[in-house]
Amino acid sequence: MVRKSPVRRVLLKVALVLAAILGAGSLATFLWLERVVPPDNDSVVHPSLSAPVDVLFDAYGVPHIDAKSEADAYFALGYVQARDRLFQMELTRRVASGRLSEILGADFVRIDAFFRTLGLGRHAEESAALYLSSDSLPYQRAALAYLNGINAFIDEGVLPVEFTLMDISVSKFTATDLYLTSEYLAFNFSMAVRTDPVMSYIRYRMGEPYYRDLAHATVPGSLTIPVGNRSVSLSGQSIDWSLASELSKIPVPPLKGSNGWVVSPKRSASGKVLLGNDTHIGFGQPSVWYEANLRYPGFNLYGLYLAGFPFAAIGHDAGKAWGLTMMENDDMDFYSEEVFPADSSRYMVGNTSMLFDSREEVIRVKDSSDIRLLVRETARGPLVQDVMPEWKAVTNKPVSVFWTQLKFPSNLLQVTHRMGKSQNMAEFESAVSEIISPGINVLYGDSSGHIAWWAAAKLLKRNPGVDPVILQDASDTNTHPLGFLPFTENPFNVDPEVGIVYNANNQPSASPGSELYPGYYTPEDRALRIRELETSVSKIGIGESVAWQNDHRSPVTPRVAGVVLDALPKSFLDATEARKKFTSILRTWDGSHGLNDKAPVLYYKLLYHIFHGALSDEMGDEHFARFLSTHVVKVSTLPLVLNDSSDWWNDVRTDEVFESRLTVFEQAVDKTLQELYAQLGPDMETWTWSRVHLLEHKHPVGEQAPLNHLFNVGPFPAPGGPEVLCQMGFDLNETGVYRTKYGAAMRTTIDFSKPFHALNVLPTGQSAHVNSAHYDDQAILYNTGRRRVQRMIWSEVEAESKARLRFLPAVQRK
C-alpha cells in the first residue's frame, strides 16, 4: 500500500471531501494522484539485464541496490532515480539546453536565449559524441546502462503528475542529457555572471575610488585555507531587464557554497578518520541530492547523486570517503570586442581582423511562434551583450565571454567513475587531477588514516595586473589568458601535521612563490568559526561534527555591529529608550542566529540601510539590487564600515560637500527602528528571529496558489543565517522578512570507526512524488538539527524495509 506523507495526508483528505462535493470528475483526479506514486513492491522485466537485481528501500526511501554486475547495478539506479525524480531530471536537461520555453512559454525565452548563446547544449553533444559513442570502457558501459534504466522507466512506468499538470510530453533520455546535468552544474559555479557586470559598472562608470573601497578580492589578513608543499552623473543607468533577475526564475536550484572538514586519526575521538560535509545549494523541492547504495561484486558504495547523472558526486565505502565544496575560482572572463570598421562580420585582435563564427539557434515557444537566435562568437567565446543587458550600462561594444568549461570536452563522467572505484589515495588523487570544470575543493579521508584536500580544476593563467573581475579590452592581447596551470601547481594539503583540513569556500593560501589565485571567495566568517571550534577541543568526534554543522554563531557580525555602535556618539544612542534597547541587544550579541535571538533582526535591517544609504545613490536601485546578490557585499561589509573616508558615504544627490559615515549610520539606526516597530509591534522583546527568518522548499508547480499548499514544503521558522556554519543565506532587503534562498542540501558525517553507519539528512525527502511518504519525511529532522543513519549492511536494511523492487532478465518471470 502507498504510504502518504503525514502532512499531506490531511490535505488529501480535505481534497477528497471537496472532490465528493464537486463531483466524480474531481474525485477521479485525486484518485489518479494516488495512482501515480510508484508501488511499494513491484518487479520489472528487461532484456538488457544479465541477472536478477534486488532493490530494498529503507525507512526513508533510499534504494539499496544489489546486483551481480556493474552494468546491472547502474541500470537499476537509472530506473529508480527516474521513478523518484524524473520531473527534476527533465527540468535540468531543459534548463541547460535552453528548452524551458517549450513547456513554460514566452516568459522563459530570455533564459533559453542565454543558455543557447553560451552553447551548453552543443558542448554536451560534442562531449557525448567523443566519450559515449562506444561502450568499450567500464565507465561507458555503466553510464549507458544507467541511461537504459531511465528509458526503461519512461517506457513502462507511470509518469509523475507534473507531466500531466504542465502538459509535457516526455522524450527518451540520450547520452547528451547526461552531460547536460554536468553542464548546468558547471554554470552554477560561475559567480562571474552575477558579479562582473556590477563590478565593471562601478569601475568604469563610477571610478577607481569607488571600486577600490569594495572588496572585490580577498581582504588582506583574512584567514585563508592552509596549503601544503608538493613533493609527491553617478546615478545608475537604467536597463529594461537583467540576466540576474531572469536567472531567479529557473526552476532548478543553483549551487552556492559548502562546508567541509576531514580529521586525522590523531585528532579524531575514535582514532579513525572523520569527514563532515554540507553542500550549500538553493532550496527547492525535491531535494537536490539523491541518495543510493550500490553493491555488486567488489563494490559497495553509498553515494549522493545529482538526478540525471550516473556516478556519485559525494560518497563513501569501507575504505574511503570524499566530500565537495565550491572552489569559487574565477574561470570566466568578459571582453569588450572591437568590430572591424570596414566589415561588421569581422572583429579586431591587435592589428588584425578575424571573422565572427556564427550559428543559428531555434527556440520553440509554447503557444507561440518559434524564435530564431543568431549567435556570434570570437576566439574567446560567444557574444553575450544581448542576453546579458547589464553590459550595456558598461559599454556600447560587443562583449564576449571566455569560459574554461567550453574550452575542453566535459570529462566528469569518467572522473567521477574513477573516484568511486579508486582503491587508495594515489588512485583517487589521480582521478581528481583530471577535473577541468567546475572548480571543486575535494575533501578526502580513508581507512588507512590519510586526509587530504585538493583544489581541483584547470586554473587559468593570466598576465600579472589583469583584474578578471572587470571587463577587459579584447584588442589588448596582454589581457588574453596565457593557458592553464598544471594540476601540480593547484592548492592542496595532504596529511597536515595539525591533523585537520577544512574549507568554507574561503580563499586558498598562496603556494610558495605564487600569488593568491583570483576568485569569488566568500569571507572568512565560516572558516574562522571552524578554527574556533576545532582549536577549542583536543579530540573531534561525530558529536562535534554534527554540532558544527548545526552551529549558527558568527564571529564577525558582532564585530561589524560593534564598529557601527562605536562610531555613533553616546548622546545619539542614549537619546531615546528605543535606541538604548537597540544598543544593548547588539552590544551583548554573541553572533548567534537562534530562533529566539533578537539581535539578527536588528542587525540585518541595519546592515541593509547602511549599504542602501551608502551605495544606492551612486549605483541606482537596479545595480544596487544586483550588487546585493553577489559575494562582494559579504566580503566588503567589515572593510566598508571601518573606512570612514570612503567616497561611498557621500550622498551625490545633495548639494552638501560631503556627507559622513556617521550620517549614514545614524539614519540607518532610525530607519531600522521605525520600520521594525511598524512590522513587529511595540515590544522589542518579541522581535525574534523566528518571526522574520523563514525556510520554504518551493516546487516549480507550487509557484502558483493553491498548488503551493500541496507541493511546497514549509514555510518554517529557521535557525541560522548568512555565512554561519548553519548556512541559511538570503539577500539583504528592505522588507525585514528574510526568506532563505540557499543552505545545506545535505549534512553528512562519516567516521571510519563505523563507516557502514554514517549520518546524514536531506532538507525534505528522497522522493519527488507529492503523495509519497518520503516527499518531506526528513524536513522536521533537518529543521531541528537531527540526522538519520546511512545503512550499508544488507540485513539491517532488509529488517526495516517495507518496499522492494526486483529486476529480472527477460528470460525469467516473477
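Quick caveat, the model's predicted, so the values are computed rather than measured. (Residues numbered from 1 in each chain as written. Predicted model: local features only at pLDDT ≥ 70, side-chain atom pairs only at ≥ 80, totals over all residues. Heavy atoms only, no water.)

## Section: the overall build of the chain
Within the chain, the regular secondary structure consists of 26 helices and 32 strands. Relative to the 2.2 N^0.38 estimate, which gives 28 Å for 814 residues, the radius of gyration of the chain is 27 Å and therefore close to what a compact globule would have. For the chain, the spread of C-alpha atoms along the principal axes amounts to about 85 × 70 × 70 Å. Within the chain, the proportion of its 814 residues that are buried is 62%. Accessible surface for the chain amounts to roughly 29,900 Å². Of this, 53% is attributable to carbon and sulfur atoms. The chain carries 77 positive and 93 negative side-chain charges, and their two centres are separated by 5 Å. (Helix = DSSP H or I, 4+ residues; strand = E, 2+ residues; numbered from the N terminus. Rg over C-alpha atoms; globule rule 2.2 N^0.38 Å. Buried < 20%, exposed > 50% of the residue type's maximum accessible area, 1.4 Å probe, protein only. Areas by Shrake-Rupley, 256 points an atom, 1.4 Å probe, with all protein chains shown as cover. Lys, Arg positive; Asp, Glu negative; His and termini not counted. Charge placed at Lys NZ, Arg CZ, Asp CG, Glu CD.)

## Points about helix 20 (residues 599-619)
Taking 1.5 Å as the rise per residue, helix 20 with 21 residues should run 30 Å; its terminal C-alpha atoms sit 29 Å apart, in good agreement. Most of helix 20 is tucked away, with 19 of its 21 residues classed as buried. Taken from the residues just after helix 20, Gly 620 is the one with a positive phi, measuring 90 degrees. (Expected span 1.5 Å × (residues − 1).)

## Considerations on the packing of aromatic side chains
How two aromatic rings sit relative to each other is given by the distance of their centres and the angle of their planes. Under the definition given, this model contains 33 aromatic pairs. An angle of 80 degrees between the planes, with centres 5.2 Å apart, marks the rings of Tyr 74 and Phe 311 as edge-to-face. The exposure class assigned to Tyr 74 is buried, which follows from its relative accessible area of 4%. Grouping aromatic residues by their ring pairs yields a cluster made of Trp 589, Tyr 603, Tyr 604, Trp 689, Phe 730 and Tyr 738. Between Lys 458 and the ring centre of Phe 408, over which it is positioned, the NZ or CZ distance is 5.3 Å. Above the face of the Phe 572 ring, Arg 579 is positioned so that its terminal group lies 3.7 Å from the ring centre. (Phe/Tyr/Trp six-rings, centres within 6.5 Å; stacked < 30°, edge-to-face > 60°. Lys NZ or Arg CZ within 6 Å of the ring centre and 35° of its normal.)

## What about the pattern of salt bridges?
The final tally for this structure, using the stated rule, is 43 salt bridges. Residues joined in a network through salt bridges with shared partners are Glu 90, Arg 93, Arg 94, Arg 99, Glu 102 and Asp 177. (Salt bridge = Lys/Arg side-chain N within 4 Å of Asp/Glu carboxyl O.)

## What about the sheet that holds strand 27 (residues 738-739)?
The mixed open sheet is built from three strands, whose spatial order is 25-24-27. If you trace the sheet from one side to the other, it starts and ends with strand 25 (713-717) and strand 27, each paired once. (Pairing = 2+ DSSP bridges.)

## Section: unusual backbone geometry
Residue Pro 438 is bonded to the preceding Ser 437 through a cis peptide linkage, with omega at 0 degrees. Among the structural elements, Pro 438 can be located in the loop between helix 14 (425-432) and strand 17 (440-446). A cis amide bond links Gly 714 with the next residue in sequence, Pro 715, at an omega value of 10 degrees. Among the secondary structure elements, Pro 715 is positioned in strand 25. One non-glycine residue, Glu 328, lies in positive phi territory at about 70 degrees. The topology assignment puts Glu 328 in the loop between strand 9 (320-326) and strand 10 (332-336). Look at Asp 367: it is not a glycine, yet its phi comes out positive at around 60 degrees.

## Focus: helix 23 (residues 661-680)
One full turn of an α-helix is made of 3.6 residues, so residues set three or four places apart face in the same direction. Helix length check: helix 23, at 20 residues, gives a terminal C-alpha distance of 28 Å against a target of 28 Å (1.5 Å per residue), a fit within 8%. Those residues of helix 23 lying buried are Arg 661, Val 664, Phe 665, Ala 668, Val 669, Thr 672, Leu 673, Leu 676 and Leu 680. Down the axis of helix 23, the smallest arc covering the buried residues is 160 degrees, so these residues share one side. Structural note: helix 23 exposes Gln 674 and Ala 678 on the side pointing more than 90 degrees away from its buried face. As for helix 23, its buried residues are in contact with helix 17 (557-567), helix 18 (570-573), helix 19 (577-587), helix 20 and helix 22 (632-642). Directly after helix 23, the chain includes Gly 681, whose backbone phi takes a positive value near 100 degrees. (Arc of directions from axis to C-beta. Contact = heavy atoms within 4.5 Å.)

## Quick look at the packing of helix 17 against helix 22
For the pair helix 17 and helix 22, the least separation of the axes is 9 Å and the interaxial angle reads 20 degrees. Relative to helix 22, helix 17 is oriented roughly parallel. For the crossing formed where helix 17 meets helix 22, the hand is left-handed. Contacts between helix 17 and helix 22 involve Arg 559, Val 560 and Val 563 from the first element and Thr 637, Leu 638, Val 641 and Leu 642 from the second. Class assignment for the residues of the contact of helix 17 with helix 22 results in five nonpolar, one polar and one charged. (Axes fitted to C-alpha atoms, helices over the stretch in contact; angles between N-to-C directions. Parallel < 35°, antiparallel > 145°, perpendicular 65-115°, else oblique. Left-handed = near helix turned anticlockwise from the far one by under 90°. Nonpolar A, V, L, I, M, F, W, Y, C, P; charged D, E, K, R; others polar.)

## Observations concerning the sheet that holds strand 11 (residues 338-339)
With respect to topology, three strands assemble into an open sheet ordered 11-12-13, the strand pairing being antiparallel. The sheet terminates laterally at strand 11 and strand 13 (352-355), the two strands that pair on one side only. For strand 12 (residues 346-349) and strand 13, the ladder comprises four bridges, and the chain directions are antiparallel. Looking at strand 13, one finds that Met 348 is bridged to Ser 353.

## Structural notes on the side chain of Asn 151
Note on placement: Asn 151 falls in helix 7 (residues 138-156). Take Asn 151: its relative accessible area is 11%, and that puts it in the buried class. Discounting residues that sit within four places of it in the chain, Asn 151 has contacts with Lys 172 and Phe 173.

## Section: the environment of Asn 41
Mapped onto the elements of the fold, Asn 41 is located in strand 1 (residues 41-46). A sequence separation of 97 residues divides Asn 41 from Pro 138, and the C-alpha atoms of the two residues are 31 Å apart. Excluding residues within four positions of it along the chain, Asn 41 makes contact with Lys 802, Ala 803 and Arg 804. At a separation of 3.0 Å, a polar atom in the side chain of Asn 41 contacts the main-chain amide nitrogen of Arg 804. (Polar contact = N/O pair within 3.5 Å; in protein donor to acceptor, adjacent residues only side chain to side chain.)

## Topic: the environment of Lys 698
Mapped onto the secondary structure, Lys 698 falls in the loop between strand 24 (693-697) and helix 24 (708-711). Setting aside chain neighbours within four positions, we find Lys 698 in contact with Gly 284, Gln 285, Glu 703 and Asn 712.

## Remarks on the packing of helix 3 (residues 70-97) against helix 9 (residues 175-188)
Pairs of packed helices are described in terms of their axes, by the angle between the two and the distance that separates them. Two elements in contact, helix 3 and helix 9, have axes whose closest approach is 8 Å; the angle formed by their N-to-C orientations is 70 degrees. Judged by the angle between their axes, helix 3 and helix 9 are roughly perpendicular. Across the interface between the two elements, Thr 92, Arg 93, Val 95, Ala 96 and Ser 97 of helix 3 pack against Asp 177, Leu 180, Thr 181 and Tyr 184 of helix 9. Residues belonging to the contact of helix 3 with helix 9 are distributed by class as follows: four nonpolar, three polar and two charged.

## Details of the pairing of strand 18 (residues 451-456)
Taken across its six residues, strand 18 has six buried, putting it largely inside the fold. Residues Ile 451, Trp 453 and Ala 455 line one face of strand 18 and the alternating positions Ala 452, Trp 454 and Ala 456 line the opposite face, and both faces are buried. In this sheet, strand 18 lies alongside strand 17 in antiparallel orientation, the contact comprising six bridges. For Ile 440, the partnering residue across the bridge sits in strand 18 and is Ala 456. A loop of four residues connects strand 17 with strand 18, the two strands running antiparallel in sequence, and Gly 449 in this loop sits at a positive phi of about 100 degrees. Relative to strand 22 (residues 492-494), strand 18 runs antiparallel, the two sharing three bridges. Paired with Trp 454 across the bridge in strand 22 is Phe 492.

## Quick look at the confidence of the model for the chain
Within the chain, residue pLDDT values average 90, and 91% of them lie at 70 or more. Predicted confidence for residues 1-27 stays below pLDDT 50, and this span has 39 contacts to residues more than four positions away or in other chains. Scored below 50 in pLDDT, residues 230-239 makes 33 contacts in the model with residues more than four places away or belonging to other chains. (pLDDT = per-residue confidence, 0-100.)

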